[in-house]
Amino acid sequence: MAIPERDNWQPPLIEGRGVVLRRHRPENLEAVVRWYHDPELARLTRYQTRPMTREEVERFFHARLLSPESVAYAIHERGTDRLIGVTTFSSLDGDNGSALFHITIGEPDAWGRGFGTEATELMLQHAFERLGLHRIGLSVFEFNERAIRAYEKAGFVIEGRLREAILRDGRYWDEVQMGALATDWLRQRRERLVQVAAETNPGRQPVAVGFRVS
Ligand SMILES: CC(C)(COP(=O)(O)OP(=O)(O)OC[C@H]1O[C@@H](n2cnc3c(N)ncnc32)[C@H](O)[C@@H]1OP(=O)(O)O)[C@@H](O)C(=O)NCCC(=O)NCCS
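Residues numbered from 1 in each chain as written. Predicted model: local features only at pLDDT ≥ 70, side-chain atom pairs only at ≥ 80, totals over all residues.

In the region of the ligand, 21 residues are neighbours, and Gly116, Thr117, Glu145, Ala147 and Arg149 sit closest. If you list the elements that add at least two residues to the shell around the ligand, you get helix H3 (39–45), strand E5 (98–105), helix H5 (115–130) and helix H6 (145–154). Looking at the shell around the ligand, the element that brings in the most residues is H6, giving five residues. (Near = placed C-beta within 6 Å. Helix = DSSP H or I, 4+ residues; strand = E, 2+ residues; numbered from the N terminus.)

Pasting the structure below:
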């Protein structure tokens, strides 16, 4: 049976060890409205401190999360399948092979348990090994140290800063620009595979490992 074209570039499911990324379903809306209504989430993610209104979230949900043209996934905890967050690419630029990355884990009890790092890795893998993109960028507020740490662990590096771009909690903070490149990602994957092969079969010569980039 032929695979529907969309399934090639946006498979219904991407499975990790601790999380599963699934295409959004209309019933996810209520959770997303609840998350974006949280003032702490607004503090961490928005230029305005005001949380998004229901109408704004509904527009975002339909245009960016549910749309068949978006590369957007719902993040589910693998063990329970509980919906815990959303992750998307925006500004997909085919001419330059780039996109911007976004992630929100909306359930605070799911923060700090490795889910964000893993979902970010799965999205980078998707971008570089399936979509054939070359560069993924993101921006994050300087005070969001948990996010910066998770992005670094997943493979992003800090590339620059928009100095004092955001006024929050009574002072100005930088907006940190981060990026990940396919070339770095694929090299690191190759190195990891060679290392695993060496540990599994000590004494054997490493075999060259190739990746399809597009
Ligand atoms: C940002 C986010 C995706 C990270 O995902 P997560 O699952 O919470 O993060 P992880 O558990 O994978 O990794 C967090 C890392 O930061 C570290 N960390 C946590 N709080 C920290 C802090 N205050 N300062 C420095 N490091 C911190 C953790 O120890 C962990 O690193 P380690 O594994 O080396 O110990 C998630 O917290 C989230 O969505 N938060 C709310 C919305 C948001 O901030 N989105 C990003 C907008 S740019």
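The next subject is the nonpolar core. Counting 44 residues, the largest nonpolar core has Ile75, Ala119, Leu124, Ala127 and Tyr151 as its most contacted members. Among the elements that line this core, the one with the most residues is H5, at seven residues. Every residue in contact with Ile75, bar those within four places of it in the chain, is listed here: Val19, Leu21, Ile84, Gly85, Val86, Thr87, Ile105, Phe115 and Ala119. (Core = buried A, V, L, I, M, F, W, Y, C linked by C-beta atoms within 7 Å. Buried ≥ 20, exposed ≤ 12 C-beta atoms within 10 Å, placed from the backbone. Contact = placed C-beta atoms within 7 Å.)

Bringing the packing of H5 against H6 into the picture now. At a closest axis distance of 8 Å, the pairing of H5 and H6 adopts a crossing angle of 45 degrees. Taken as axis vectors, H5 and H6 run oblique relative to one another. Helix-helix and strand crossings are classified by hand; for H5 and H6 the assignment is right-handed. Counted together, Gly116, Thr117, Thr120, Glu121 and Leu124 of H5 and Ala150, Tyr151, Lys153 and Ala154 of H6 form the full contact between these two elements. For the contact of H5 with H6, a count of residues per class yields four nonpolar, three polar and two charged. (Axes fitted to C-alpha atoms, helices over the stretch in contact; angles between N-to-C directions. Parallel < 35°, antiparallel > 145°, perpendicular 65-115°, else oblique. Left-handed = near helix turned anticlockwise from the far one by under 90°. Nonpolar A, V, L, I, M, F, W, Y, C, P; charged D, E, K, R; others polar.)

Along helix H4 (residues 54–65), the residues classified as buried are Val57, Phe61 and Leu65. Projected down its long axis, H4 shows its buried positions confined to an angular sector of 40 degrees, all on one face. The exposed residues of H4 that point more than 90 degrees off its buried face are Glu55, Arg59 and Ala63. Tucked into the core, H4 has its buried residues touching helix H2 (29–36), strand E3 (71–77) and strand E4 (83–93). (Arc of directions from axis to C-beta.)

In this model, H5 (16 residues) spans 21 Å end to end at C-alpha, consistent with the 22 Å of a helix rising 1.5 Å per residue. The first or second residue beyond H5 is Gly132, which carries a positive phi of 70 degrees. (Expected span 1.5 Å × (residues − 1).)

Here we come to unusual backbone geometry. With phi around 50 degrees, Glu164 is a residue other than glycine that occupies positive phi space. Tracing the backbone shows Glu164 in strand E7 (residues 157–168). Residue Glu164 is classed as exposed on the basis of its 12 C-beta neighbours within 10 Å. Not every positive phi belongs to a glycine, and Asp169 is a case in point at roughly 55 degrees. Considering the arrangement of structural elements, one finds Asp169 in the loop between E7 and strand E8 (171–181).

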